[in-house]
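Close look at the chain arrangement
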Amino acid sequence: MPIKPFEVQVRFSDLDLLGHVNNVIYLSYFEMARIHYFHPLLGDNWDWQKEGVVLVNNQVTYKKPIYLHDKPIITIHVTNIGTKSFTIGYEVIVNNENRASGTSTLVCFDNRKQISIEIPLKMKEALKQFAP
């Protein structure tokens, strides 16, 4: 089942003094997009404490501002799947124009044991759906 791109609702509090979305807000948008895509793939009962992720790196390229009344959508793609980590790429689109792009590298993590773990099979299969 294809997953629709994540639709962002730009909030007034997302804006800076210049009237466009503040640079740090893009990281929140990326996080919301990850949740949007992972939820239908892994389900409501996924144990994020046992088979979770920790963020180890973010990168954002800002191409053109996003304003309050814009309707951004975010698509994701997976650029790398390792043994314990993976990298997700993002494209932020407004009116068919790429306004920003970025990546996040995440490491799978057992929060109870406080150790990194191999990517769980179900998660790895979900990630493969977004790999080129």
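This write-up is about the structure you can find in this document. On a predicted model such as this, the values are computed, not experimentally measured, just so you know.

1. A word on unusual backbone geometry
Residue asparagine 95 is not a glycine yet carries a positive backbone phi of 50°. Relative to the assigned elements, asparagine 95 resides in the loop between strand 4 (85-94) and strand 5 (97-110). According to the relative accessible area criterion, asparagine 95 is exposed, its value standing at 68%. Despite not being glycine, asparagine 96 has its phi angle at roughly 65°, a positive value. Here asparagine 96 shows up in the loop between strand 4 and strand 5. Look at asparagine 96 and you get exposed, because its relative accessible area is 80%.

2. Some remarks on the packing of helix 1 (residues 25-42) against helix 2 (residues 121-128)
Relative orientation of the contacting elements helix 1 and helix 2 amounts to 125°, with a least axis distance of 10 Å. Of the possible angle classes, the one that applies to helix 1 and helix 2 is oblique. When the axes of helix 1 and helix 2 are compared, the crossing they make is right-handed. Along its contact with helix 1, which presents Phe38, Leu41 and Leu42, the element helix 2 presents Lys122, Met123, Ala126 and Leu127. Counted by class, the contact of helix 1 with helix 2 contains 6 nonpolar, no polar and 1 charged residues.

The rules behind these values
Residues numbered from 1 in each chain as written. Predicted model: local features only at pLDDT ≥ 70, side-chain atom pairs only at ≥ 80, totals over all residues. Heavy atoms only, no water. Helix = DSSP H or I, 4+ residues; strand = E, 2+ residues; numbered from the N terminus. Buried < 20%, exposed > 50% of the residue type's maximum accessible area, 1.4 Å probe, protein only. Axes fitted to C-alpha atoms, helices over the stretch in contact; angles between N-to-C directions. Parallel < 35°, antiparallel > 145°, perpendicular 65-115°, else oblique. Left-handed = near helix turned anticlockwise from the far one by under 90°. Contact = heavy atoms within 4.5 Å. Nonpolar A, V, L, I, M, F, W, Y, C, P; charged D, E, K, R; others polar.

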